[in-house]
Amino acid sequence: MTQDELKQAVARAAIQYVVAGEIVGVGTGSTANFFIDELAKIKHLIPGAVASSEATASRLRSHGIAVLDLNQVTSMPVYIDGADEIDSTGAMIKGGGAALTREKIVASVAQQFICIADGSKLVSVMGTFPLPVEVIPMASAVVARQLALLGGQPVLRVKDGQTVLTDNGNVILDVHGLSITNPVGLENVMNNIVGIVTVGLFAKQGANVCLLGMENGVKTMTF
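Keep in mind that this is a model prediction, so the values were computed, not measured. By convention here, each chain's residues receive numbers from 1 onward along its written sequence. Local features in a predicted model are, by the rule used here, given only for residues with pLDDT of at least 70; side-chain atom pairs are given and counted only at 80 or more, and totals for whole chains, interfaces and linings are based on all residues. Hydrogens and waters are ignored; side-chain quantities use all the structure's heavy atoms.

Trainee: Any chance you could explain the packing of aromatic side chains here in plain terms?
Mentor: The geometry of two aromatic rings is summed up by the distance between their centres and the angle between their planes. Here a Phe, Tyr or Trp ring, Trp counted by its six-membered ring, pairs with any other such ring whose centre lies within 6.5 Å, and the pair is stacked when the planes are under 30 degrees apart, edge-to-face when over 60, and tilted otherwise. A full pass over the atoms with the stated rule returns 2 aromatic pairs. Centre to centre, the rings of tyrosine 79 and phenylalanine 113 are 5.1 Å apart; their planes meet at 75 degrees, and the pair counts as edge-to-face. On the criterion of sequence distance, the pair formed by tyrosine 79 in strand E3 (residues 76–81) and phenylalanine 113 in strand E6 (residues 110–118) is long-range, its members being 34 residues apart. With respect to class, tyrosine 79 is no different from phenylalanine 113; both count as buried. Measuring from centroid to centroid gives 6.4 Å for phenylalanine 113 and phenylalanine 202, while their planes differ by 75 degrees, and the two rings are edge-to-face. Of this pair, phenylalanine 113 sits in strand E6 while phenylalanine 202 sits in strand E13 (residues 201–202), and the two are 89 residues apart along the sequence. Exposed residues in this analysis have more than 50% of their type's maximum accessible area, buried residues have under 20%, and partly exposed residues fall in between, with area computed by a 1.4 Å probe over protein chains only. Note on phenylalanine 113: relative accessible area 3%, which makes it buried. The buried category is assigned to phenylalanine 202, whose relative accessible area is 1%. Through pairs of rings, three or more aromatic residues link up here, namely Tyr79, Phe113 and Phe202. We count a charge as sitting over a ring when the NZ of a lysine or the CZ of an arginine lies within 6 Å of the ring centre and within 35 degrees of the ring normal. Stacked on the ring of phenylalanine 202, the Lys or Arg lysine 104 has its end atom at 4.9 Å from the ring centre. In this description a helix means any DSSP run of H or I spanning at least four residues, a strand means any run of E spanning at least two, and both kinds are numbered starting from the N terminus.

Trainee: Can you walk me through a nonpolar patch on the surface in this structure?
Mentor: On the surface, Ile136, Met138 and Val197 cluster together to form a nonpolar patch covering roughly 300 Å² of accessible area. Relative accessible area serves as the criterion here: at 36%, isoleucine 136 is assigned to the partly exposed category. Patch membership requires over 30% relative accessible area and the absence of a salt bridge. Like charges are linked within 9 Å, and nonpolar side chains (Val, Leu, Ile, Met, Phe, Trp, Tyr) within 5 Å. Exposure was quantified through the Shrake-Rupley algorithm and a 1.4 Å probe, taking into account, for residues, occlusion by the shown protein chains and nothing else. Salt bridge, as applied in this entry: a Lys or Arg side-chain nitrogen positioned within 4 Å of an Asp or Glu carboxyl oxygen.

Trainee: Help me understand the sheet that holds strand E12 (residues 196–199), please; the structure alone is not making it clear to me.
Mentor: The strands that make up a sheet pair up through hydrogen bonds in the backbone, lying either parallel or antiparallel. Strand pairing is defined by DSSP finding a minimum of two bridges between the two strands. In space, the 4 strands of this open sheet follow the order E8-E11-E7-E12, with antiparallel pairing throughout. In this open sheet, the two strands that pair with only one neighbour each are strand E8 (153–156) and E12. Each adjacent strand pair in this sheet contributes to an overall mean axis angle of 30 degrees, direction not counted. In this structure, strand E7 (residues 131–135) lies alongside strand E11 (residues 171–176), joined through 5 bridges in antiparallel fashion. Opposite leucine 131, over in E11, you have valine 175 as the bridge partner. Packing against the sheet, helix H5 (residues 140–149) makes contact with E7, E8, E11 and E12, and its axis sits at approximately 15 degrees to E11. The contact definition used throughout considers only heavy atoms, calling two residues in contact when any of these lie within 4.5 Å. Orientation is described by axes fitted as lines to C-alpha atoms, over the contacting stretch for helices, and by angles from 0 to 180 degrees between their N-to-C directions. Here helix H6 (residues 183–191) sits on the sheet in contact with E7 and E12, set at roughly 170 degrees to E12.

Dropping the structure here:
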């Protein structure tokens with residue numbers, strides 16, 4: 001199976017976690033896009049969705065799915081999103097799509113985080129994928145120096161010659177060279193660095209369920 005076929009398989013499997021009559025939180029990225037396409041098939045069963053990015057909101061609306069502001073929502077049964085890496089405890093690295101802050105906010109409201117990913121995202125120790133950190137622009141150099149003291153090599157995210165800006169107007173520092181053996185501890189440390197908006201470690205509140213696309217089918221991991 002191709003990587004896209006594996007992503008499509010977990011997107012289909014995630015539909016069983018959508019609660020009829022309830023709002024669903026939807027993540028950002030290529031795997032989340034497959035989920036949105038599957039969600040469209042049952043859109044008549046849900047009142048709407050909360051999007052973790054402008055790109056996700058646009059895709060949801062293109063399918064005729066109502067997009068709600070999170071301020072209108074008091075609870076959600078599930079938030080469904082991909083991951084750049086996930087370990088055996090359900091801790092994740094997220095933010096490859098630069099939506100980490102809104103993803104973490106929306107996920108915090110949901111009763112369950114359902115991670116959907118192809119099998120290559122499961123790792124024993126996270127850090128091979130550079131850790132994204134969303135930073136207030138004026139603090140990027142200050143924060144970069146602090147991140148270097150933690151043993152990482154922070155690199156400002158640039159695409160097509162332009163600095164990448166998040167939906168919140170901030171920049172991303174991708175931290176290379178980390179071996180994340182204590183995800184919760186590192187998340188706590190980075191959260192206390194002045195100038196960081198969000199770190200793309202989802203460890204204090206990780207996944208509750210992970211649907212992994214494997215060659216022999218979808219594997220379900222619970223945490």
